[in-house]
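Examination of the molecular architecture
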Amino acid sequence: MNTKQIIARMDELLKPLGFALHKATWNRRSDCFVDVVALEASKSGDAVTISAGVLHPDIHRICWEAPLPAIIQEPDCIVRARIGHMIDDGKDLWWRLDDDDILNDISEKLNTHVLPFLERMHSLETMEQFLTDRNVLKRRYPPPVIYLAILKSVRGDKSGACLLLGELGDKTVGVWRIRIREIAGHCEFKVQVQETAS
């Protein structure tokens, strides 16, 4: 088995659902969300896993103040997870390329775990809860905490958003500290963030 065969099988499943393939990543616009599914190969090249995420363009724009990339990659997403965490939190799942049942198992997991995960994340409230449950506040990488603060603000918890950004700014140095302060300077985001297409 090779990754090209796996990509072809995944594309058979995802293309009819509105996903477009770009190398080993699929994008789909669904209302005002962008769904992403990606096939990742191990460093040794003998195993693969699947990751998925959902991006909300308005939330992304507030954080980065930049246009969306033409192709959304899984690390660009507001919420994201690997397949193993969707099935059994905390356990990573990799398929060995020499596994005879790899295509069937990947197809089954896409239908039973990945696609339902994407659908569940089509809500700002669910995104906020997901980031909270993932304990993003305890991690050093600022974007998930910034996303959480933005979600809190646009959902009405402006003081909670400003508190999060203030605490993050106190723990962060360099360029991120400047960006966090810029975002915190307008916690009451004057943007219309939609949950459905108009």
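The text that follows walks through the structure, step by step, so that each part is easy to find. Bear in mind that the values here come from a model prediction, so they are computed numbers and not experimental data.

1. Structural notes on the overall build of the protein chain
Helix and strand counts for the protein chain stand at 8 helices and 6 strands. The order of α-helices and β-strands along the protein chain, N terminus first, is α-β-β-β-β-α-β-α-β-α-α-α-α-α. Its C-alpha atoms give the protein chain a radius of gyration of 18 Å, near enough to 16 Å, the size a compact globule of 198 residues would have. Dimensions of the protein chain along its principal axes, counting C-alpha atoms only, are 55 × 35 × 25 Å. When burial is assessed residue by residue, the protein chain has 46% of its 198 residues classed as buried. About 10400 Å² of surface is accessible on the protein chain, with carbon and sulfur atoms providing 50% of the total.

2. Things to note about the packing of helix α2 (residues 57–64) against helix α8 (residues 174–184)
Relative orientation of the contacting elements α2 and α8 amounts to 120 degrees, with a least axis distance of 9 Å. Judged by the angle between their axes, α2 and α8 are oblique. Residues Ile62, Cys63 and Trp64 of α2 touch α8, and the partners they reach there are Trp176, Arg179 and Ile183. Residue classes in the contact of α2 with α8 are distributed as 5 nonpolar, no polar and 1 charged.

3. A short note on the pairing of strand β4 (residues 47–55)
Regular strands show a simple pattern: their side chains alternate between the two faces of the sheet. Extensive coverage of β4 is indicated by the burial of 9 of its 9 residues. Of the two faces of β4, both are covered, the one formed by Ala47, Thr49, Ser51, Gly53 and Leu55 as well as the one formed by Val48, Ile50, Ala52 and Val54. Here 8 bridges tie strand β3 (residues 33–41) to β4, and the two strands are oriented antiparallel to one another. Of the residues in β4, the one forming a bridge with Asp35 is Val54. Between β3 and β4, which follow one another and run antiparallel, lie 5 residues, and Gly45 among them has a positive phi close to 80 degrees. One ladder, built from 2 bridges, connects β4 with strand β6 (residues 95–96); its direction is antiparallel.

4. A few points about the side chain of Asp35
Here Asp35 shows up in strand β3. Excluding residues that lie within four positions of it along the chain, Asp35 makes contacts with Phe19, Trp26, Asn27, Arg28, Ser30, Gly53, Val54, Leu118 and His122.

5. Regarding the packing of aromatic side chains
Under the definition given, this model contains 3 aromatic pairs. Plain terms: the ring middles of Trp64 and Trp176 are 5.4 Å apart, the flat faces sit at 70 degrees to each other, and that makes the pair edge-to-face. Placement of the pair is Trp64 in helix α2 and Trp176 in helix α8, with a sequence separation of 112 residues. Relative to Phe130, the ring of Phe117 lies with its centre 5.7 Å away and its plane at 65 degrees, an arrangement referred to as edge-to-face. Separated by 13 residues along the polypeptide, Phe117 in helix α4 (residues 102–120) and Phe130 in helix α5 (residues 124–133) bring together distant segments of the chain. The pair formed by Phe117 and Phe130 is uniform in burial state, with each residue classed as buried.

6. Comments concerning helix α6 (residues 142–154)
Look at α6: 18 Å from first C-alpha to last across 13 residues, which is about the 18 Å you get at 1.5 Å a residue. For α6, a buried count of 11 out of 13 residues is recorded, marking the element as mostly surrounded by other parts of the structure. Listing the buried residues of α6 in full gives Pro142, Pro143, Val145, Ile146, Tyr147, Leu148, Ala149, Ile150, Leu151, Lys152 and Ser153. For α6, the secondary structure elements touched by its buried residues are α2, α5, α7 (158–171) and α8. Taken from the residues just after α6, Gly156 is the one with a positive phi, measuring 110 degrees.

7. Remarks on the nonpolar core
Within the largest apolar cluster, 52 residues are counted, with the highest numbers of intra-cluster contacts made by Val37 and Ile50. Per element, the largest residue contribution to this core is 8 residues, and it comes from α4. Grouped together as the second largest cluster of nonpolar side chains are 5 residues, Val36, Leu55, Ile72 and Cys77 included.

8. So, the packing of α6 against α8
In contact at an axis separation of 12 Å, α6 and α8 are set at 5 degrees when each is read in the N-to-C sense. Judged by the inter-axis angle, α6 sits roughly parallel to α8. Here Pro142, Pro143 and Ile146 of α6 lie close against α8, whose contacting residues are Trp176, Ile180 and Ile183. Split by residue class, the contact of α6 with α8 holds 6 nonpolar, no polar and no charged.

What counts, and at which threshold
Residues numbered from 1 in each chain as written. Predicted model: local features only at pLDDT ≥ 70, side-chain atom pairs only at ≥ 80, totals over all residues. Heavy atoms only, no water. Helix = DSSP H or I, 4+ residues; strand = E, 2+ residues; numbered from the N terminus. Rg over C-alpha atoms; globule rule 2.2 N^0.38 Å. Buried < 20%, exposed > 50% of the residue type's maximum accessible area, 1.4 Å probe, protein only. Areas by Shrake-Rupley, 256 points an atom, 1.4 Å probe, with all protein chains shown as cover. Axes fitted to C-alpha atoms, helices over the stretch in contact; angles between N-to-C directions. Parallel < 35°, antiparallel > 145°, perpendicular 65-115°, else oblique. Contact = heavy atoms within 4.5 Å. Nonpolar A, V, L, I, M, F, W, Y, C, P; charged D, E, K, R; others polar. Pairing = 2+ DSSP bridges. Phe/Tyr/Trp six-rings, centres within 6.5 Å; stacked < 30°, edge-to-face > 60°. Expected span 1.5 Å × (residues − 1). Core = buried A, V, L, I, M, F, W, Y, C linked by side-chain atoms within 4.5 Å.

So, to be careful, I would describe these as geometric facts and stop short of saying anything about function.
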